[in-house]
Amino acid sequence: MDSTTQNRAEFFTLHNGEKSTLPFSNEEYERRLIGLRAVMEKMGVRACIFTSMHAIAYYSGFLYCSFGRPYACVITDEICTTVSANIDAGQPWRRSFGENVIYTDWKRDNYLRAIISLVGEGGKIGVEYDHLSVENHLKMKTALQANLVDIAPITMNQRMIKSAPEITLIKEGARIADIGGEAIRGAIRAGVTEIEVAQ
């Protein structure tokens, strides 16, 4: 390993551009975090590390596309921080509620080092058993020296109970889908190909 590689950052922050408009208001994301933190306190969980697209989007507003790289959203009683790959640069910060840490590819497991920088080691930490592979579960448990507990069923229940802003968005999405469905039905007739209908 040359000296240039040794001096490269393992992770960093990058606030470029302006925060984008998210699907929901800051108040809605705060409401979700308050609900989660109440459960965390009851369970004695000092931090949660979410890795699934749906949980990260639910708590931070950021919807990732992994391209083979892992992503996370770390939540404690004080922070909500997405952990993203360097390929996305500042986009995850712009498109998320809260902060963002970017990990680099210069050294294996910089993803875990970025997470450790946010939560430290030890204690009880919530993760999603239904999303972590066996390999990643073991790597995370070893790196964090922590007791990992499954938080996924509880967060799923939280997502199932829709707030007023969520219901409004769902209704609007369904309205737009109905318009698209009517247009498709109107285009279907004998002799019209699938690609013509799609266009």
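Residues numbered from 1 in each chain as written. Predicted model: local features only at pLDDT ≥ 70, side-chain atom pairs only at ≥ 80, totals over all residues. Heavy atoms only, no water.

Student: Give a detailed account of the side chain of Asp88, specifying residues and quantitative values.
Tutor: Checked against the element boundaries, Asp88 lands in the loop between strand E4 (80-85) and helix H4 (91-94). Look past the residues within four positions of Asp88 in its chain and what remains in contact with it is Phe62 and Tyr71. (Helix = DSSP H or I, 4+ residues; strand = E, 2+ residues; numbered from the N terminus. Contact = heavy atoms within 4.5 Å.)

Student: Go over the pairing of strand E2 (residues 47-50), please, and point to the residues and values.
Tutor: The side-chain alternation of E2 yields two buried faces, one formed by Ala47 and Ile49 and the other by Cys48 and Phe50. Inspection of the sheet shows E2 paired to strand E6 (residues 124-127) by three bridges, in the parallel sense. If you follow Cys48 over to E6, its bridge partner there is Gly126. Note that E2 and strand E3 (residues 72-75) share three bridges and pair antiparallel. Residue pairing for E3: Ile49 is matched across the bridge by Val74. (Buried < 20%, exposed > 50% of the residue type's maximum accessible area, 1.4 Å probe, protein only. Pairing = 2+ DSSP bridges.)

Student: Can you tell me about helix H2 (residues 26-43), naming the residues and giving the values?
Tutor: The end-to-end C-alpha distance of H2 is 26 Å, a good match for the 26 Å that 18 residues give at a rise of 1.5 Å each. Those residues of H2 lying buried are Glu28, Tyr29, Arg32, Leu33, Leu36, Arg37 and Met40. Here the buried face of H2 lies against E2, helix H3 (53-60), E3, E4, helix H7 (152-160) and helix H8 (164-187). Of the residues flanking the end of H2, it is Gly44, one or two places downstream, whose phi is positive at about 75°. (Expected span 1.5 Å × (residues − 1).)

Student: A description of the pattern of salt bridges should follow, citing residues and the corresponding values.
Tutor: Counted under the stated rule, the structure contains 10 salt bridges. Ionic pairing is found between Arg31 and Glu28, a salt bridge with its closest N-O pair at 2.8 Å. Here Arg31 and its partner Glu28 are both found in helix H2, three residues apart, which amounts to about one turn of the helix. Given the relative accessible area of 35%, Arg31 is considered partly exposed. The closest approach of N and O atoms between Asp109 and Lys139, which form a salt bridge, is 2.9 Å. Here Lys139 lies in helix H6 (residues 134-144) and Asp109 lies in the loop between strand E5 (99-103) and helix H5 (110-119), a separation of 30 residues in the sequence. Judged by its relative accessible area of 30%, Asp109 is partly exposed. Linked by salt bridges that have partners in common, Glu28, Arg31, Arg32 and Glu166 make up one network. (Salt bridge = Lys/Arg side-chain N within 4 Å of Asp/Glu carboxyl O.)

Student: How would you sum up the sheet that holds E3? Please name residues and give values.
Tutor: Ordered in space as E1-E5-E4-E3-E2-E6-E7, the seven strands form an open sheet in which the pairing is mixed. Either end of the sheet is taken by a strand with one partner, and the two such strands are strand E1 (11-12) and strand E7 (147-150).

Student: Please provide a residue-by-residue account of H3, values included.
Tutor: Burial in H3 covers these residues: Ala55, Ile56, Tyr58, Tyr59 and Ser60. Buried residues of H3, viewed axially, fall in a sector of 165°; they line one side. Considering only its buried residues, H3 is in contact with H2, E2, E3, E4, H7 and H8. At the C-terminal side of H3, Gly61 shows a positive phi close to 85°. (Arc of directions from axis to C-beta.)

Student: Please set out the packing of aromatic side chains residue by residue, giving values where relevant.
Tutor: The relation between two aromatic rings is expressed through the spacing of the ring centres and the mutual angle of the planes. According to the stated counting rule, one finds seven aromatic pairs in the structure shown. Plain terms: the ring middles of Tyr29 and Phe97 are 5.7 Å apart, the flat faces sit at 20° to each other, and that makes the pair stacked. Residue Tyr29 is located in helix H2, and its partner Phe97 is located in the loop between H4 and E5; the two are separated by 68 residues in the primary sequence. Consider the rings of Tyr58 and Tyr59, whose centres lie 4.9 Å apart with planes at 85°: the pair is edge-to-face. Tyr59 matches Tyr58 in its accessibility class, with the two residues each being buried. Site record: aromatic cluster; members linked through ring pairs are Phe24, Tyr29 and Phe97. Sitting above the plane of the Tyr58 ring, Arg32 keeps its charged end 4.2 Å from the centroid. (Phe/Tyr/Trp six-rings, centres within 6.5 Å; stacked < 30°, edge-to-face > 60°. Lys NZ or Arg CZ within 6 Å of the ring centre and 35° of its normal.)

Student: Go over the nonpolar core, please, and point to the residues and values.
Tutor: Side chains of nonpolar character tend, in soluble globular proteins, to be buried together. With 43 residues, the main nonpolar core has Ile49, Phe50, Ile75, Ile115, Ile125, Met140 and Leu144 as its most contacted residues. The element best represented in this core is H5, accounting for five residues. Discounting chain neighbours no more than four positions away, the residues touching Leu144 are Ile49, Ile115, Ile116, Val119, Gly120, Glu121, Gly122 and Ile125. (Core = buried A, V, L, I, M, F, W, Y, C linked by side-chain atoms within 4.5 Å.)

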